[in-house]
Each structure stands twice: as C-alpha cells, then as structure tokens.
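Tertiary structure, described
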Amino acid sequence: MTTGTKPYLLRALYEWCVDNGQTPHIVAWVNEHTHVPMQYVRENEIVLNIGPTASHNLNIDNEWVNFSARFNGVAHDIWIPVGSCRQHFCPRKWGRDGV
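Let us look at the structure shown here. What you see as residue numbers is a count from 1 along each chain, following the sequence as written. In view of the model being predicted, local features appear only for residues whose pLDDT reaches at least 70, and side-chain atom pairs are presented and counted only at 80 or more, with totals across whole chains, interfaces and linings using the full set of residues. Think of the side-chain values as coming from all heavy atoms in the structure, minus any hydrogens and water.

Once that is clear, we can look at the overall build of the protein chain. When its secondary structure is counted, the protein chain shows 1 helix and 6 strands. Numbering of helices and strands starts at the N terminus; helices are DSSP runs of H or I of at least 4 residues and strands are runs of E of at least 2. Walking the protein chain from its N terminus toward its C terminus, one meets helices and strands in the order α-β-β-β-β-β-β. Rg of the C-alpha trace for the protein chain: 14 Å, near the compact-globule value of 13 Å for 99 residues, within the 12% margin. C-alpha atoms of the protein chain, sized along the principal axes, occupy 45 × 40 × 25 Å. Between the two quantities, the radius of gyration covers C-alpha atoms and the globule rule is 2.2 Å times the number of residues to the power 0.38.

Here it is in structure tokens:
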C-alpha cells in the first residue's frame, strides 16, 4: 500500500514553522472519526494551534494527528485523521514596518 504525501507535508510544514519562529496551525474537517472538543467546531471545521507551547505529545504519523491540549483550562486528547486535515498554516509575524 502506498502512503499519500499529506502526512509528510504536515510534518515538514510543522518543522519549518517551528524552526522559523512561527506558530503552526491546522484546519481540520470534523466528522465521526475526529475527536475534538465540539464546542469549538464551526461549520464542521476546527482551527487548532499545534505549536509546542499549545500542544503536548504531538504525534503526526501516516494515519493520525494526535496530541493533548487545553481549552479554557480543560485538558483534551485530540485525534484527527490525516485525511481530515484541510489546511496547515503559520500566521505571519509582522515586523514594525508591516512586511
């Protein structure tokens, strides 16, 4: 069985964001296979900060993204199928000149 490129790209983009002082985030499609705090889901999607200070024990393997995170002080175990990750991004940090 051939593995798709998505888990490799997720891991690479995560590493690039962290190495460059950015905060990695993912947007995930929420369905019956996704384990996230439902009160933060909007239009079947959730945006999650997966940076080292927000996520604990982050694991991105070929099937799942999983980690522990706190939402309003309550710890949650997050499980997202790699196929449900719709977007990975790093909000840009702007300098004083806006560039």
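On to the state of the cysteines, then. Whenever a pair of cysteine sulfur atoms sits within 2.5 Å, that pair is classed as a disulfide. In the structure shown here, the tally under the stated rule is 1 disulfide. One disulfide bridge connects Cys17 with Cys90, the sulfur atoms lying 1.5 Å from each other. What sets the handedness of the Cys17 and Cys90 disulfide is the S-S torsion sign, and at about 50 degrees it is right-handed. Pair noted here: Cys17 is in helix 1 (residues 6–19) and Cys90 is in the segment after strand 6 (85–89), with a separation of 73 residues, a long-range link. Taking the relative accessible area as the measure of exposure, Cys17 reaches 1% and is therefore buried. A disulfide-free cysteine, Cys85 has its sulfur positioned 13 Å from the sulfur of Cys17, the nearest such atom. Only protein chains enter the calculation, and the probe is 1.4 Å; a residue is then buried if its accessible area is under 20% of its type maximum, exposed if over 50%, and partly exposed in between.

A word on the pairing of strand 1 (residues 25–29). Extensive coverage of strand 1 is indicated by the burial of 4 of its 5 residues. DSSP-based pairing: two strands are paired if at least 2 bridges between them are found. Where strand 1 and strand 2 (residues 45–49) come together, 5 bridges link them in antiparallel fashion. Bridge pairing in strand 2 places Val27 opposite Val47. Pairing geometry for strand 1 and strand 6, over 4 bridges, is antiparallel.

Take the buried residues of types Ala, Val, Leu, Ile, Met, Phe, Trp, Tyr and Cys, join any two whose side-chain atoms come within 4.5 Å, and each joined set is a nonpolar core. Judged by nonpolar contacts, the single largest core of 19 residues is most densely connected at Ile26, Leu48, Val65 and Ile80. Residue assignment for this core shows that the elements contributing at least two residues are helix 1, strand 1, strand 2, strand 4 (64–71) and strand 5 (74–81). Considering each element in turn, this core owes the most residues, 4 residues, to strand 4. Contacts between residues were defined by any pair of non-hydrogen atoms, one from each residue, lying within 4.5 Å. Val65 has contacts with Leu10, Ile26, Leu58, Asn59, Ile60, Ile78, Trp79, Ile80, Val82 and Cys85, leaving out every residue within four places of it along the chain.

Further remarks concern the packing of aromatic side chains. Aromatic contacts are taken between Phe, Tyr and Trp rings whose centres are within 6.5 Å, Trp giving its six-membered ring; a plane angle under 30 degrees counts as stacked, one over 60 as edge-to-face, and the others as tilted. Scanning the model with the defined rule gives 2 aromatic pairs in all. Geometrically, the ring pair formed by Tyr40 and Phe71 is tilted, given 5.0 Å between the ring centres and 35 degrees between the ring planes. Separated by 31 residues along the polypeptide, Tyr40 in the loop between strand 1 and strand 2 and Phe71 in strand 4 bring together distant segments of the chain. Seen in terms of ring centroids, Trp64 and Trp79 are 5.8 Å apart; in terms of plane orientation they differ by 80 degrees. Their pairing is edge-to-face. With Trp64 in strand 4 and Trp79 in strand 5, the pair connects residues that are 15 residues apart, well separated along the chain.

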